[in-house]
Amino acid sequence: MKRQFLVTISLIFVTQFVFAADALQLLDTRQVVKVPAAVRAHFLAGMRQHLVEIADIQAALANGEFERAAQIAQQHLGLSAPGSAACRMPSMAGNPSDAQHFPSISGALSASSDIAPYMPKAMHDVGVSMHHAADRFAAVSRAAASTSDYPVTLRALSKVTEGCVACHAQFRVVEQ
Ligand code: HEC
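Conventions and cut-offs
Residues numbered from 1 in each chain as written. Predicted model: local features only at pLDDT ≥ 70, side-chain atom pairs only at ≥ 80, totals over all residues. Helix = DSSP H or I, 4+ residues; strand = E, 2+ residues; numbered from the N terminus. Contact = placed C-beta atoms within 7 Å. Buried ≥ 20, exposed ≤ 12 C-beta atoms within 10 Å, placed from the backbone. Axes fitted to C-alpha atoms, helices over the stretch in contact; angles between N-to-C directions. Parallel < 35°, antiparallel > 145°, perpendicular 65-115°, else oblique. Left-handed = near helix turned anticlockwise from the far one by under 90°. Nonpolar A, V, L, I, M, F, W, Y, C, P; charged D, E, K, R; others polar. Expected span 1.5 Å × (residues − 1). Arc of directions from axis to C-beta.

A. The overall build of the protein, seen in detail. Of the regular secondary structure elements, the protein holds 6 helices and 2 strands. At a minimum sequence separation of 6, the contacts of the protein that also span at least 24 residues come to 69%.

B. How the structure looks around the environment of S112. Residue placement: S112 occurs in the loop between α4 (85–88) and α5 (121–147). By the C-beta count within 10 Å, which is 10 here, S112 ends up exposed. For the pair S112 and H42, spaced 70 residues apart in sequence, the C-alpha to C-alpha distance is 9.9 Å.

C. Looking closely at the packing of helix α2 (residues 37–62) against helix α3 (residues 66–77). As a packed pair, α2 and α3 sit with axes 8 Å apart at the nearest point and diverge in direction by 165°. Classified by the interaxial angle, the pair formed by α2 and α3 is roughly antiparallel. Remark: the crossing between α2 and α3 carries left-handed chirality. In this structure, α2 uses H50, E53, D56, I57, A60 and L61 to contact α3, whose residues at the interface are F66, R68, A69, I72, A73, H76 and L77. Residue classes in the contact of α2 with α3 are distributed as 8 nonpolar, 2 polar and 3 charged.

D. Representation of the environment of K159 within the structure. Within the element layout of this structure, K159 appears in helix α6 (residues 150–170). Judged by the 16 C-beta atoms lying within 10 Å of it, K159 is partly exposed. Not counting residues up to four positions away in its chain, the partners in contact with K159 are A133, R136 and F137.

E. Fine view of α3. When the terminal C-alpha atoms of α3 are compared, their 16 Å separation across 12 residues agrees well with the 16 Å that a helix rising 1.5 Å per residue should span. The set of residues buried in α3 consists of F66, A69, A70, I72, A73 and L77. Viewed along the axis of α3, the buried residues span an arc of 160°, placing them on a single side of the element. Residues of α3 that are buried sit in contact with α2, α5 and α6.

Right, here's the structure in full:
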């Protein structure tokens, strides 16, 4: 009797778990971007690096190092940063065959691990605006070196992280 009861309870738990997982799957309305495994690994490594850069910017600001925060943003998150190469090119709207038309831009396509040819236009656009926001933040933070204007600087930084959030809400990258 006790055993039956335990089995029933366990079954209820298991079913709830399965349903919860299904519900989560249904709630996930993000657009799927399919890319080769090497492209995904390279892209996610770049993303983790972005988080490091945001953390470094915050640490610099906490120390009152506005110029250093500006440099990190410009060199690593701005539109001219090496890691922004995929977003500097025109969007190829997820059509890899178009990639051959842009062979000379920053050598970005020399790496077979580049995500550019797979990025849908909407994703590309969010990326570009995040990089622009990073450049704007750099200018604001640089100007704040003499004023120590934290509200204005942090507002500019939040425009950058809003870009991260906007893209994460819309897209996920899975292996082809
Ligand atoms: C143009 C779109 C886009 C922008 C902008 C963007 N990300 Fe991402 N990021 C993604 C996608 C897509 C994933 C993978 C999500 C998934 O597949 O579930 C991701 C994953 C990540 C991950 C997880 C990496 C891993 O190893 O799983 C981190 C951390 C991250 N992003 C940080 C950031 C930060 C910080 C910013 C802003 C400075 C940022 N991202 C901006 C699209 C973007």
